[in-house]
Amino acid sequence: MTANIAIYPGSFDPITHGHVNIVERGLQIFDKVVIVVAVNSAKQTVFRLEERLELLNEIFKDNDRVIVDGFTDQLLINYAKSRNAKAILRGLRTVSDYEYEFQMAHANRHLAPDIDTIFMMTESKYSHLSSTLIKEIVRYGGSCQDMLDPRVETALNKKLKQG
Ligand code: ADP
């Protein structure tokens, strides 16, 4: 039997407990979740692609149902096809996430009707959490306990101190 695969795309700059929660819940539905780190030239990131991949690999190193990969210069839907994915997994936090997600899901559906986008409502304790917010907190010396893996927090502290 072929494995049911979902791809979970995002910037993961850096990965938060909110992302981990979506991956864990995705694994309750799918056999494998492929975390795809997107390089978006319009988005300036704190961590380079290789650094984001390294942190993700570290966090999921004990879970062989999670695959970490990076992708550049191709349509996400073509990447999903190349992985034989059944679905694209996305998290939804607030209504402001909705408009963009709605547009992307329709575009992807148009391009590949047999690959569905599955949305998961964020767990309420993570609904305020975004990588952007976390970077602000750490930049100004706040603690991100309960929001980030300590290894990620250490890496972020180091990165932001380097300026
Ligand atoms: P961000 O918006 O934090 O920069 P990404 O581009 O890395 O996030 O997001 C990848 C996916 O993870 C998106 O579907 C996003 O909605 C989802 N996501 C991000 N943070 C959370 C969270 N706290 N809870 C649930 N889903 C989340």
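Here's a quick rundown of the structure. All of these numbers come straight from a predicted model, not from anything done at the bench. Just so you know, the residues in each chain are numbered from 1, in the order the chain's sequence is written. Local features in this predicted model are restricted to residues of pLDDT 70 or higher, and side-chain atom pairs are both shown and tallied only at a pLDDT of 80 or more, whereas totals for entire chains, interfaces and linings draw on every residue. Each side-chain value is derived from all of the structure's non-hydrogen atoms; neither hydrogens nor water enter the calculation.

**Digging into the packing of helix 2 (residues 49-59) against helix 6 (residues 150-162)**
What describes two packed helices is the angle between their axes and the distance between those same axes.
Line of reasoning, step 1. Look at helix 2 against helix 6: their axes get within 10 Å of each other, and the N-to-C directions meet at 160°. As judged from the angle between their axes, helix 2 and helix 6 are roughly antiparallel. Seen from above, helix 2 lies across helix 6 with right-handed handedness. Here helix 2 contributes Glu51, Leu55, Glu58 and Ile59 to the contact with helix 6, which in turn contributes Arg151, Val152, Ala155 and Lys159.
Line of reasoning, step 2. Ten residue types, Ala, Val, Leu, Ile, Met, Phe, Trp, Tyr, Cys and Pro, are classed as nonpolar, four, Asp, Glu, Lys and Arg, as charged, and the remainder, Gly among them, as polar. Considering only residue class, the contact of helix 2 with helix 6 consists of 4 nonpolar, no polar and 4 charged. Only the contacting stretch of a helix is used when fitting its axis, a line to C-alpha atoms as for every element, and angles between N-to-C directions run 0 to 180 degrees. By definition, any uninterrupted DSSP run of H or I lasting at least four residues is a helix, any uninterrupted run of E lasting at least two residues is a strand, and each is numbered from the N terminus. Under this scheme an angle from 65 to 115 degrees is roughly perpendicular, one under 35 degrees roughly parallel, and one over 145 degrees roughly antiparallel; angles in between are oblique. It is the rotation of the near helix from the far one that decides the hand of a crossing: anticlockwise by less than a right angle makes it left-handed, clockwise makes it right-handed. Working rule for contacts: check all heavy atoms of both residues, and any pair within 4.5 Å makes them a contact.

**A word on the layout of surface pockets**
Line of reasoning, step 1. Computed from the structure, the largest pocket encloses a volume of approximately 1200 Å³.
Line of reasoning, step 2. Cavities and pockets are defined on a 1 Å grid built over the protein atoms alone: a cavity is a set of grid points where a 1.4 Å probe fits but cannot escape, while a pocket is an open set with protein on both sides within 12 Å along at least five of seven lines, and lining residues are those with an atom within 4 Å of any such point. Considering the residues around the largest pocket, the lining is formed by 48 residues, among which Pro9, Gly10, Ser11, Lys43 and Arg90 are closest to the centre.
Line of reasoning, step 3. Sorting elements by how many residues they give to the lining of the largest pocket places helix 4 (residues 95-111) first, with 8 residues.
Line of reasoning, step 4. Classifying every residue of the lining of the largest pocket gives 20 nonpolar, 19 polar and 9 charged.
Line of reasoning, step 5. Its boundaries defined by the atoms lining it, the second largest pocket holds a volume of some 230 Å³.
Line of reasoning, step 6. Residues belonging to the lining of the second largest pocket are distributed by class as follows: 3 nonpolar, 1 polar and 5 charged. Grid points are joined across faces, edges and corners, and a volume is the space filled by probe spheres set on the points.

**Observations regarding the packing of helix 5 (residues 131-139) against helix 6**
Line of reasoning, step 1. The geometry of helix 5 relative to helix 6 is characterised by a closest axis approach of 10 Å and an angle of 65° between their N-to-C directions. By the angle between their directions, the pair helix 5 and helix 6 is classed as roughly perpendicular. Between helix 5 and helix 6 lies a crossing whose hand is right-handed. Contact with helix 5, carried on its side by Ile134, Lys135, Val138 and Arg139, involves Leu156, Asn157 and Leu160 of helix 6 and no other residues of that element.
Line of reasoning, step 2. Counted by class, the contact of helix 5 with helix 6 contains 4 nonpolar, 1 polar and 2 charged residues.

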